[in-house]
Every structure is written in structure tokens, then in C-alpha cells.
Amino acid sequence: MRARYDGLAQWYDERFVEDAEPHQPGLLELLGPGSGPCLDIGCGTGRNFESIRASGRTPVGLDFSIDQLRRARMRTSGPLLHGDAAVLPFADASFDTAITLWISTDVDDFGAVLSEAARVLRPGGVLVAYGVHPCFNGPHVVYEEDGRRTVHPTYRQSGWHTDSPWWSEDGIRRRIGMSHLTLAEYLNVIIRSGLVTERFEEPAGHDIPHALAFRARRPA
């Protein structure tokens, strides 16, 4: 099956990664200091490898797009694996730390991704998840020129959206679509994963939150 981001890796990297800040807001604080391998689930072109290294850990990247992994190789000499985030190719209790950034809108079943992350974490291991804010960022949201956001009643239409009338012609969503979870659905898939949340954040950078992030732990 062709990955959604195949054929877009260079465009994506040039638009969203190459001139971006080295660390996404709040990510290092959520990760905290550590050591050993950190699994980057849905690593894309490796945007967050530097943050993983800055935390004291070493990145292990996994993505479903071979094109994205080719670009990621320019940012690490460490392990990169082609695989499905919902069926991770690792044994139980393989990692002390894992991260997943910006993929809740790109996968068919984010709950399965979180459950797999919980499975491959060791008891006491940490997951940091960071991505689209279900309330203020999605196929139901229009970004106004004055900084406001208009939220439409389609907020409750969860699942995969192939189009939205206010998506820009040259944006990523017009190219690949977007999966949407309501806030309640998002929180419930965390609960069902068995992970215990320690902290939620709405990272800085926008007056109206663009992202929602959390740190969770596999029970010891």
C-alpha cells in the first residue's frame, strides 16, 4: 500500500522542516532529560531528531513513507525503520521513551498507535505525543486573516476527511486529507491505551492553540 506522504517528502521537508526552529515549542520540557534509544513513531523527515538528542537520548526513527525516510537519513546515522505505527515491529517493553508528533491526523486509527506505543514501552516508560488540537485545528476550522478561527458544526464529524472547502490549494491537507477526532474521542483513546497521563500542554506560538501535547507513562 502506498504511503500517503510518498511523493511529497521533498516538498514537505522544504516547506515545514528546513527553516523551522530546531525544537518545537515545549517538546524538550515534556521529554525531560534521559538516555538510551527514543522511538520516534512517524518520524517523517527527521524534524525531531535534534530534540531527542538534546534530551540526552538517541533517535530510532520509524515511518510508513520510504520517501520520508530517505530524507530522514540526512539527519541521522542511527536506525531508521519502514513500518506501520499501528503495528510496530518491536518486541514488548523495548524502549524507555517514545514520541509521536503530528500523526494523529495522518493515521486511520490513532488509538491503535497509542496502544502499540504502550506495548513497546518498558514499565515506567514515557510517551510524549504532540499534534493537532482537536478543538481549534481540523477540517471544521477556518483560519481567518485577523488571527481568529471559525469553528463549524462539522466538528462532530470524526473520521477521515478527503476535502474541506476552506483548505488552501497548496496545503498539505488538500494533498492527503485529514483524520479528525473530537476532543472526547482523543482523550478516550489515551485512556484505552492503558497509558497514565502526567501532563497536558497547549504549546505556545499561537494565541488560539494550534497543538495539543501530553506526556504519559506506562504503569510500572
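Just so we're clear, the structure is a prediction, and the values are computed from it rather than from any experiment.

## Structural notes on the state of the cysteines
Thinking step 1. Counted by the stated rule, this structure contains zero disulfides.
Thinking step 2. Summary of cysteine pairing: C38 is not part of a disulfide, and the nearest cysteine sulfur, belonging to C43, is at 11 Å.
Thinking step 3. Relative accessible area serves as the criterion here: at 5%, C43 is assigned to the buried category.

## Regarding empty space enclosed by the protein
Summary: where empty space remains is shown by rolling a probe the size of a single water molecule over the atoms.
Thinking step 1. Applying the stated criterion across every chain yields a total of two cavities of 30 Å³ or more.
Thinking step 2. Considered as a void within the structure, the largest cavity measures approximately 80 Å³ in volume.
Thinking step 3. What lines the largest cavity is S104, T105, V132, P134, N137, G138, P139, M178, S179, H180, L181 and Y186.
Thinking step 4. Top contributing element to the lining of the largest cavity by residue count: strand β9 (residues 178-180), with three residues.
Thinking step 5. Residues of the lining of the largest cavity, tallied by class, amount to six nonpolar, six polar and no charged.

## As for the sheet that holds strand β3 (residues 80-82)
Thinking step 1. The strand order across the open sheet built from seven strands is β3-β2-β1-β4-β5-β11-β10, with neighbouring strands paired in mixed fashion. Two strands close off the open sheet at either side, each with one partner strand: β3 and β10 (196-201). With direction set aside, neighbouring strand axes in the sheet form an average angle of 20°.
Thinking step 2. Pairing between strand β4 (residues 95-101) and strand β5 (residues 121-132): six bridges, direction parallel. Among the inter-strand pairings, T100 is bridged to a residue of β5, identified as A129.

## Side note on the packing of aromatic side chains
Thinking step 1. A full pass over the atoms with the stated rule returns eight aromatic pairs.
Thinking step 2. Between Y5 and Y12 the ring centres are 5.6 Å apart and the planes differ by 85°, which places this aromatic pair in the edge-to-face class.
Thinking step 3. When its relative accessible area of 13% is taken as the criterion, Y5 is described as buried.
Thinking step 4. For the pair F110 and Y186, a centre-to-centre distance of 5.6 Å together with 20° between the ring planes defines the contact as stacked. Highlighted residues: F110 in helix α5 (residues 110-120) and Y186 in helix α7 (residues 183-193), separated in sequence by 76 residues. Each member of the pair, F110 together with Y186, is buried.
Thinking step 5. Members of the aromatic cluster, connected to one another through ring pairs, are Y5, W11, Y12 and F16.
Thinking step 6. The lysine or arginine in question, R4, covers the ring of W160, its NZ or CZ lying 3.9 Å from the ring centre.
Thinking step 7. Of note, R175 hangs over the ring of W11, and the distance from its end group to the ring centre comes to 3.9 Å.

## Focus: the pairing of β5
Thinking step 1. Of all 12 residues making up β5, nine are buried, and the element is well covered by its neighbours.
Thinking step 2. In the classification by handedness, the crossover that spans β4, the intervening α5 and the parallel β5 is right-handed.
Thinking step 3. Relative to strand β11 (residues 211-217), β5 runs antiparallel, the two being bridged by seven bridges. The partner of G131 across the bridge, within β11, is L212.

## A short note on the nonpolar core
Thinking step 1. Residues L39, I41, F90, F110, L127 and F214 are the most contacted members of the largest nonpolar core, which totals 27 residues.
Thinking step 2. Contributing elements (two or more residues each) for this core: β1 (37-41), β2 (58-63), β4, α5, β5, α7 and β11.
Thinking step 3. Residue contributions to this core peak at six residues, all from α5.
Thinking step 4. Residues in contact with L39, not counting those within four places in the same chain, are V60, L62, L88, F90, F95, T97, A98, I99 and V120.
Thinking step 5. Listed in part, the 17 residues of the second largest apolar core include C38, F49, I99 and A211.

## Description of the pattern of salt bridges
Thinking step 1. Under the definition given, this model contains 17 salt bridges.
Thinking step 2. Notably, a salt bridge pairs R15 with D170, separated by 3.7 Å at the nearest N-O pair. Of the two residues, R15 is situated in helix α1 (residues 9-17) and D170 in the loop between β8 (159-161) and α6 (172-176); the sequence distance between them amounts to 155 residues.
Thinking step 3. You can call D170 partly exposed: its relative accessible area is 43%.
Thinking step 4. Among the ionic pairs, R199 bridges to E201, the shortest N-O distance being 2.7 Å.
Thinking step 5. Given the relative accessible area of 35%, R199 is considered partly exposed.
Thinking step 6. The exposure class of E201 is partly exposed, given its relative accessible area of 27%.
Thinking step 7. Salt bridges linked by common partners bring D13, E18, R71 and R75 together as one network.

Here is what the cut-offs are and how they apply
- Residues numbered from 1 in each chain as written.
- Predicted model: local features only at pLDDT ≥ 70, side-chain atom pairs only at ≥ 80, totals over all residues.
- Heavy atoms only, no water.
- Disulfide = S-S within 2.5 Å.
- Buried < 20%, exposed > 50% of the residue type's maximum accessible area, 1.4 Å probe, protein only.
- 1 Å grid on protein atoms, 1.4 Å probe; cavity = no way out; pocket = protein on both sides within 12 Å on 5 of 7 lines; lining within 4 Å.
- Points joined across faces, edges and corners; volume = space filled by probe spheres on them.
- Helix = DSSP H or I, 4+ residues; strand = E, 2+ residues; numbered from the N terminus.
- Nonpolar A, V, L, I, M, F, W, Y, C, P; charged D, E, K, R; others polar.
- Pairing = 2+ DSSP bridges.
- Axes fitted to C-alpha atoms, helices over the stretch in contact; angles between N-to-C directions.
- Phe/Tyr/Trp six-rings, centres within 6.5 Å; stacked < 30°, edge-to-face > 60°.
- Lys NZ or Arg CZ within 6 Å of the ring centre and 35° of its normal.
- Right-handed = clockwise from strand over helix to strand, strands pointing away.
- Core = buried A, V, L, I, M, F, W, Y, C linked by side-chain atoms within 4.5 Å.
- Contact = heavy atoms within 4.5 Å.
- Salt bridge = Lys/Arg side-chain N within 4 Å of Asp/Glu carboxyl O.

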